[in-house]
Amino acid sequence: MVGLYCILRRRNIIKIAIGIMIAEYAVNLFLILVGYRMEGRSPILAPNQEILNMVDPLPQALAMTSIVIGLAIMAVLVAIAIRIYEKFGTFDITKINSLKG
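Since we're looking at a predicted model, the values are computed, not measured.

> Honestly, the overall build of the protein in this entry has me stumped. Any pointers?
Tallying secondary structure elements over the protein gives four helices and zero strands in all. Taken from N to C terminus, the helices and strands of the protein fall in the order α-α-α-α. The C-alpha atoms of the protein give a radius of gyration of 20 Å, which is well past the 13 Å a tight globule of 101 residues would have. Projecting the C-alpha coordinates of the protein onto the three principal axes gives extents of approximately 70 × 25 × 15 Å. The burial tally for the protein puts 19% of its 101 residues in the buried class. Surface summary for the protein: the accessible area is close to 7,800 Å², and the carbon and sulfur share equals 69%. Averaged over its 10 positive side-chain charges, the protein has a centre that lies 18 Å from the centre of its 6 negative ones.

Here it is as structure tokens:
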């Protein structure tokens with residue numbers, strides 16, 4: 001909810017980027033918690049072991065993919081924010097909307 005609040009209510013591009021990061025971390029934490037099992041073991045198969053109480057590896061793989069995609073999105077967002085600051089001289093969205101250019 002904190003990330004969503006920052007995305008929707010803040011007017012500073014940097015604060016919006018921080019809100020996006022917080023929301024991404026919350027989604028990653030949710031994905032990890034979905035696959036968690038009490039006293040679970042790693043999903044490594046051995047020839048003479050029974051498959052009992054293994055942790056689900058799919059949410060872990062999704063979280064790793066989400067981390068990589070989130071890093072790429074954040075890099076693009078920071079690059080766009082730098083270009084906006086170079087052109088308009090501010091990070092405030094309300095001031096950028098009132099400028100012509």
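> Please explain the environment of Ile82 as it appears in this structure.
Along the chain, Ile82 falls in helix H3 (residues 57-88). Residues Ile82 and Tyr25, 57 residues apart in the sequence, show an inter-C-alpha distance of 23 Å.

> I tried to follow a nonpolar patch on the surface on my own but got confused; where do I start?
A cluster of nonpolar side chains, namely Val2, Ile14, Ile18 and Ile22, defines an oily patch on the protein surface of about 310 Å² accessible area. Here the nonpolar patch takes three residues from helix H2 (residues 13-34), the largest share from any one element. If you trace the backbone, Ile18 turns up in helix H2.

> Is there a simple way to explain the side chain of Asn28 in this structure?
With respect to the helices, strands and loops of the structure, Asn28 is situated in helix H2. In this structure Asn28 touches Ala63, Ser66 and Ile67, once residues within four positions along its chain are discounted.

> Sorry, what's going on with H2 here?
Since the α-helix advances by 3.6 residues per turn, residues separated by three or four positions end up pointing in the same direction. Helix length check: H2 (22 residues) gives 32 Å between terminal C-alpha atoms against 32 Å at 1.5 Å per residue, within 8%. The inward-facing, buried residues of H2 abut helix H1 (2-9), H3 and helix H4 (93-98). At the N-terminal end of H2, a side-chain oxygen is found 3.0 Å from the backbone nitrogen of Ile14, two or three residues along, and the residue is Asn12.

> What is the right way to look at the pattern of salt bridges in this model?
A side chain with one charge can pair with a side chain of the opposite charge if their charged atoms come near. Under the definition given, this model contains one salt bridge. Between Arg83 and Glu86 there is a salt bridge whose closest N-O contact spans 3.6 Å. Of this pair, Arg83 and Glu86 both sit in helix H3, three residues apart, roughly one helical turn.

Calculation rules
- Residues numbered from 1 in each chain as written.
- Predicted model: local features only at pLDDT ≥ 70, side-chain atom pairs only at ≥ 80, totals over all residues.
- Heavy atoms only, no water.
- Helix = DSSP H or I, 4+ residues; strand = E, 2+ residues; numbered from the N terminus.
- Rg over C-alpha atoms; globule rule 2.2 N^0.38 Å.
- Buried < 20%, exposed > 50% of the residue type's maximum accessible area, 1.4 Å probe, protein only.
- Areas by Shrake-Rupley, 256 points an atom, 1.4 Å probe, with all protein chains shown as cover.
- Lys, Arg positive; Asp, Glu negative; His and termini not counted.
- Charge placed at Lys NZ, Arg CZ, Asp CG, Glu CD.
- Patch = residues over 30% accessible without salt bridge, like charges linked within 9 Å, V, L, I, M, F, W, Y side chains within 5 Å.
- Salt bridge = Lys/Arg side-chain N within 4 Å of Asp/Glu carboxyl O.
- Contact = heavy atoms within 4.5 Å.
- Expected span 1.5 Å × (residues − 1).
- Polar contact = N/O pair within 3.5 Å; in protein donor to acceptor, adjacent residues only side chain to side chain.

Remember that the coordinates give geometry; whether it matters functionally is a separate question.
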